[in-house]
Amino acid sequence: MTELPPTIPGSLNSLHTKNFFSEVPLNLDPQSPIILGVDEAGRGPVMGPMVYAVSYCTKDYQDNILIPKYEFDDSKKLTDPVRRSLFQKMWCPLPEVQDEPPTGSAKRTEIDGVGYATTCITPVDISTGMLRYPPSKNYNLNAQAHDVTMNLIQGVLDQGVNIDHVYVDTVGPPASYQKKLEGRFPHVKFTVAKKADSLYCIVSVASVVAKVTRDILVDSLRSSPGEIIGSGYPSDPKTTAWLRKNQSPLFAWPKEMVRFSWQTCETLMNNPSTGSIPIEWEEQFLNSKKNMAQQWAAKSMVNNEPITLDNWFSS
Amino acid sequence: MTEYTAHFIPCKVRYNGATEEFVDNFHCDNEDDLTLKRKEDDSLNGEKLCVRHIRGRKIVGKKFLGSDGYQTFLVKTGTREGEDGETGQISLDTTSKIEPIAKISSMINYERDGNEERLLEELEKFQQFLDVSDVIHS
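Chain A has the name Ribonuclease in an unreviewed UniProt entry, where Zygotorulaspora mrakii is given as its organism. A UniProt comment under Catalytic activity (unreviewed entry) is attached to chain A, and it reads "Endonucleolytic cleavage to 5'-phosphomonoester."

What follows is the structure, given as C-alpha cells:
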C-alpha cells in the first residue's frame, strides 16, 4: 500500500492535534437509523499519538453488509495486514472508477456506506495538557478523550448526518461518561460500554480506523527505516531500549515522539545513571516541608522568596 | 560583542555550561493555537505569547526590556567575598570591575502554561520598578 489513508497527511509531522472528516457517504438510507461507533488507539503507549476515531453508517448497512461480508472485530484481534486491508476498502477508490475525472463528490469505494473521522492527539498536546501548572489546571487524559469524542460527534452532526445512536468504547466508568454525553447531545441515544469494540460492529470499524492511523503515524516517527522503536508501550523492552538509547541530558527526547507525562519518562529523567541533568519544577515542592524557595535558594538569596522576575531584579 | 536572547524559565536547571541541544529544541511554537485545550483555559483572551517546550511542559513568555532606550548586558561581577552564616547575605568584591560579557538583545520572561496570571503580574510589577527607576534617574 503506497498511498496513505486520508486520515494521515494532516497529522504527519504535526506538533499539534489534527482532525480529519471523510465525506458523508452518498447512500445513507434515510429510512434506516444511523449508528456511530467511537474507539481509540494508543491510550497507554509512552510514544506516538493517541488516535480517536468515529465511524458511522445505517443500521441496515451494518447488519446486511458489514457483519456478513467483512471481518471487522476488536482491532487487537485482527492482524495488521487485515486491518489495513479493511480500512483500505473504506477509503481507496475502486479501480474501475480510479481514472474518472474528479466530480467533487465522494468517490466509490468497496465499503461505500461508511463515513469516518479521526482526531490524532499528539504527544506534545497530551503532555502539555497533563503537565499544566498549577495542578488544578491539569487537562488530564480522560478529559482530553471526552472532549475529542464530543468534538468528533459534533463534527459529524455538523456535516448534516442525523445520528440516532452512538456506541462508545470506554476504559473508564461507563455510567458517568454516558450521562455526560447524553447531557451534551440530548437528541442522540448513547451506549457506553467497556469492550464495545468486540460487541458492536460499528465500534469495531472505528477501532480499525484508529489503529491503522496510529500505526502509520508511529511508523513515520522513525528517523531511519531500520530504527527499532517497538510498540510504544512502556512494557515493551524495545521501546524502553529506544528511550534509554536516545535520551539526551537536557531536553531528554524529541517532543514530537514522546509523552513526557508518563511515569516511564519521569523515572528515566530522575535516574542519574542515564546522564540526565536534574531539572526541578515548582510542583515538586508543593507537598514538601521545604518549599520551592528554600530548596532553590542557593545561599545567595537574601530571603526565602521564590526567584521570580520582580524579586530577582529588586533584590 | 555577540548578541543573545535571555530566557527566564520557571524551573531550576542543575547545570551551568554550554549545550548543543538548542539546535533541535526550545524552538518557538508558532502553531500553538492548534493545541488541544479547553476553551476556558484561554485566560489571555487571545493575546499572542511566546510558546516553547521543556521536557513536555509548555511555557509561555513575554518579552520585556526590549526597547525604550534600555541596553541589556550579561556581566561578570566581582567574586564572592564573604557570606553571613545566619542570613545568607553575600558581600561582593566591590573593588573589581563589572565586565560585560555579552549583549542581550531580547529578554523573555516565562511562566508555566496555566499560570499566565503570574506572568502578567510579574511583568506589571517589573514595569512599576522601571517607572520608579526612571523617575529616580531622570
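After that view of the structure, there is still more to cover.
Engineer: Outline helix α4 (residues 141–158) of chain A, supporting the account with residue identities and numerical values.
Structural biologist: All names here are of chain A. A rise of 1.5 Å per residue sets the reference length of α4, with its 18 residues, at 26 Å; its end C-alpha atoms lie 25 Å apart and thus fit the reference within 8%. Those residues of α4 lying buried are Leu 141, Ala 143, Gln 144, Ala 145, His 146, Val 148, Thr 149, Met 150, Leu 152, Ile 153, Gly 155 and Val 156. Remark: Gly 160 follows α4 within two positions and exhibits a positive phi of approximately 90°.

Engineer: Give me the pairing of strand β4 (residues 115–121) of chain A: which residues, what numbers.
Structural biologist: Residues and elements named next belong to chain A. The element β4 is extensively covered by neighbouring structure, given that seven of its seven residues are classed as buried. The pairing of strand β3 (residues 50–58) with β4 spans seven bridges and is antiparallel. By the bridge assignment, Val 54 is partnered in β4 with Ala 117.

Engineer: Outline the state of the cysteines, listing residues and values.
Structural biologist: Within this structure, the stated rule accounts for zero disulfides over all chains. Not part of a disulfide, Cys 57 of chain A finds its nearest cysteine sulfur in Cys 201 of chain A, a span of 7.3 Å.

Engineer: Summarise the side chain of Ser 32 of chain A; cite the residues concerned and give the values.
Structural biologist: Residue and element names in this part refer to chain A. In this structure, Ser 32 sits in the loop between β1 (18–21) and β2 (34–41). What makes Ser 32 buried here is its relative accessible area of 4%. Only 3.3 Å separates the side chain of Ser 32 from the backbone nitrogen of Lys 59, close enough to count as a polar contact. What Ser 32 contacts, discounting residues up to four positions off in sequence, is Thr 58, Lys 59 and Asp 60.

Engineer: Describe the interface of chain B and chain A, naming the residues involved and giving the relevant values.
Structural biologist: Chain B puts 48 residues into the contact, and the matching count from chain A is 47 residues. Both sides of the chain B and chain A interface together cover about 4600 Å² of buried area, and 59% of this is carbon and sulfur. Summed over the shared surface of chain B and chain A, the result is five salt bridges. Note that Arg 14 of chain B is salt-bridged to Glu 280 of chain A, the shortest N-O span being 2.9 Å. Linking chain B to chain A there are 21 residue pairs in polar contact (both at pLDDT 80 or more). Broken down by secondary-structure element, the contributors of at least two residues to the side of chain B that touches chain A are β2 (11–13), β3 (50–54), β4 (57–64), β6 (80–83), β8 (99–112) and α1 (116–137) of chain B.

Engineer: Help me get a handle on the packing of aromatic side chains, residues and values and all.
Structural biologist: In total, this model carries 13 aromatic pairs over all chains according to the counting rule given. An angle of 35° between the planes, with centres 4.5 Å apart, marks the rings of Tyr 167 of chain A and Tyr 200 of chain A as tilted. Of the two residues, Tyr 167 of chain A is situated in strand β5 (residues 163–169) and Tyr 200 of chain A in the loop between α6 (196–199) and α7 (201–219); the sequence distance between them amounts to 33 residues. Here Phe 251 of chain A and Phe 22 of chain B contribute two aromatic rings whose centre-to-centre distance is 5.4 Å and whose plane-to-plane angle is 85°, an arrangement assigned as edge-to-face. In this pair, Phe 251 of chain A sits in the loop between α8 (237–245) and α9 (263–269) while Phe 22 of chain B sits in the loop between β2 and β3, so the two residues belong to two different chains. Among the residues examined, Phe 251 of chain A registers a relative accessible area of 5% and is labelled buried. Given the relative accessible area of 41%, Phe 22 of chain B is considered partly exposed. Counting every residue linked through ring pairs, the aromatic cluster contains Phe 251 of chain A together with Phe 22, Phe 26 and Tyr 110 of chain B. For Arg 259 of chain A, the ring lying beneath its charged end belongs to Trp 262 of chain A, and the centroid distance is 5.0 Å.

Engineer: Help me get a handle on a nonpolar patch on the surface, residues and values and all.
Structural biologist: Taken together, Met 1, Phe 73, Val 75 and Ile 98 of chain B make up a surface patch of nonpolar side chains, about 410 Å² in accessible area. Relative to the helices and strands, Phe 73 of chain B is located in strand β5 (residues 72–76).

Engineer: An account of the environment of Pro 272 of chain A is needed here, citing residue identities and associated values.
Structural biologist: Looking at where Pro 272 of chain A falls in the secondary structure, it is placed in the loop between α9 and β7 (279–281). When the C-alpha atoms of Pro 272 of chain A and Pro 9 of chain A are compared, they prove to be 39 Å apart, with 263 residues separating the residues in sequence.

Engineer: Give a detailed account of the nonpolar core, specifying residues and quantitative values.
Structural biologist: All names here are of chain A. With 48 residues, the main nonpolar core has Leu 36, Val 166 and Trp 253 as its most contacted residues. With residues up to four places along the chain from it excluded, the contact list for Leu 36 reads Val 54, Ser 55, Tyr 56, Ile 153, Val 156, Ile 163, His 165, Val 166, Tyr 167 and Ile 202. Listed in part, the 34 residues of the second largest apolar core include Ile 35, Tyr 116, Val 212 and Ile 216.

Thresholds, definitions, all that
- Residues numbered from 1 in each chain as written.
- Chains lettered and ligands numbered in written order.
- Predicted model: local features only at pLDDT ≥ 70, side-chain atom pairs only at ≥ 80, totals over all residues.
- Heavy atoms only, no water.
- UniProt positions renumbered as here; feature names shortened; annotations may be inferred.
- Helix = DSSP H or I, 4+ residues; strand = E, 2+ residues; numbered from the N terminus.
- Expected span 1.5 Å × (residues − 1).
- Buried < 20%, exposed > 50% of the residue type's maximum accessible area, 1.4 Å probe, protein only.
- Pairing = 2+ DSSP bridges.
- Disulfide = S-S within 2.5 Å.
- Polar contact = N/O pair within 3.5 Å; in protein donor to acceptor, adjacent residues only side chain to side chain.
- Contact = heavy atoms within 4.5 Å.
- Buried area = accessible area lost by both parts, 1.4 Å probe.
- Salt bridge = Lys/Arg side-chain N within 4 Å of Asp/Glu carboxyl O.
- Phe/Tyr/Trp six-rings, centres within 6.5 Å; stacked < 30°, edge-to-face > 60°.
- Lys NZ or Arg CZ within 6 Å of the ring centre and 35° of its normal.
- Patch = residues over 30% accessible without salt bridge, like charges linked within 9 Å, V, L, I, M, F, W, Y side chains within 5 Å.
- Areas by Shrake-Rupley, 256 points an atom, 1.4 Å probe, with all protein chains shown as cover.
- Core = buried A, V, L, I, M, F, W, Y, C linked by side-chain atoms within 4.5 Å.

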